[in-house]
Amino acid sequence: MRDWRDKYPDALPTRPFRSQSEDEALAEYEQLASQVTTAGEIWRAAVDRGIELEPTMRERIAD
């Protein structure tokens with residue numbers, strides 16, 4: 001992701017008007033980003049797994 005940012009420092013997804021080359025660069029970014037597992041995803045999965053493994057917690061959350 002850092003290499004992509006260095007290659008396309010001016011590519012901004014929120015810019016209202018983009019060139020075709022910017023659109024292509026952002027498509028590449030989306031493809032790369034889909035392969036990244038964020039820290040938040042890891043934390044949420046850990047919490048979900050902990051809740052699944054602990055019946056008492058599952059009962060408390062259901063109430």
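Structure first, text after, so check above.
Residues numbered from 1 in each chain as written. Predicted model: local features only at pLDDT ≥ 70, side-chain atom pairs only at ≥ 80, totals over all residues. Heavy atoms only, no water.

A.B. asks: Outline the overall build of the protein, supporting the account with residue identities and numerical values.
C.D. replies: For the protein, the helix and strand inventory stands at four helices and zero strands. Secondary structure elements of the protein, listed N to C terminal, follow the sequence α-α-α-α. Relative to its length of 63 residues, the protein is extended, with a C-alpha radius of gyration of 19 Å against a globular reference of 11 Å. Seen through its C-alpha atoms, the protein measures out along the principal axes to roughly 55 × 25 × 15 Å. Distance between charge centroids for the protein: 3 Å, based on 9 positive and 14 negative side chains. (Helix = DSSP H or I, 4+ residues; strand = E, 2+ residues; numbered from the N terminus. Rg over C-alpha atoms; globule rule 2.2 N^0.38 Å. Lys, Arg positive; Asp, Glu negative; His and termini not counted. Charge placed at Lys NZ, Arg CZ, Asp CG, Glu CD.)

A.B. asks: Could you give an account of the environment of glutamate 24, with specific residues and numbers?
C.D. replies: Positionally, glutamate 24 belongs in helix H2 (residues 20–33). Since its relative accessible area comes to 48%, glutamate 24 is described here as partly exposed. For the pair glutamate 24 and aspartate 6, spaced 18 residues apart in sequence, the C-alpha separation works out to 16 Å. (Buried < 20%, exposed > 50% of the residue type's maximum accessible area, 1.4 Å probe, protein only.)

A.B. asks: Describe the packing of aromatic side chains, with residues and values.
C.D. replies: If you walk through the whole model with that rule in mind, you get two aromatic pairs. With 5.3 Å between their ring centres and 45° between their planes, tryptophan 4 and tyrosine 8 make a pair best called tilted. Consider the rings of tryptophan 4 and tyrosine 29, whose centres lie 4.8 Å apart with planes at 55°: the pair is tilted. Taken together, the residues tryptophan 4 in helix H1 (residues 2–7) and tyrosine 29 in helix H2 connect sequence positions 25 residues apart. Chaining the aromatic ring pairs together yields one cluster made of Trp4, Tyr8 and Tyr29. (Phe/Tyr/Trp six-rings, centres within 6.5 Å; stacked < 30°, edge-to-face > 60°.)

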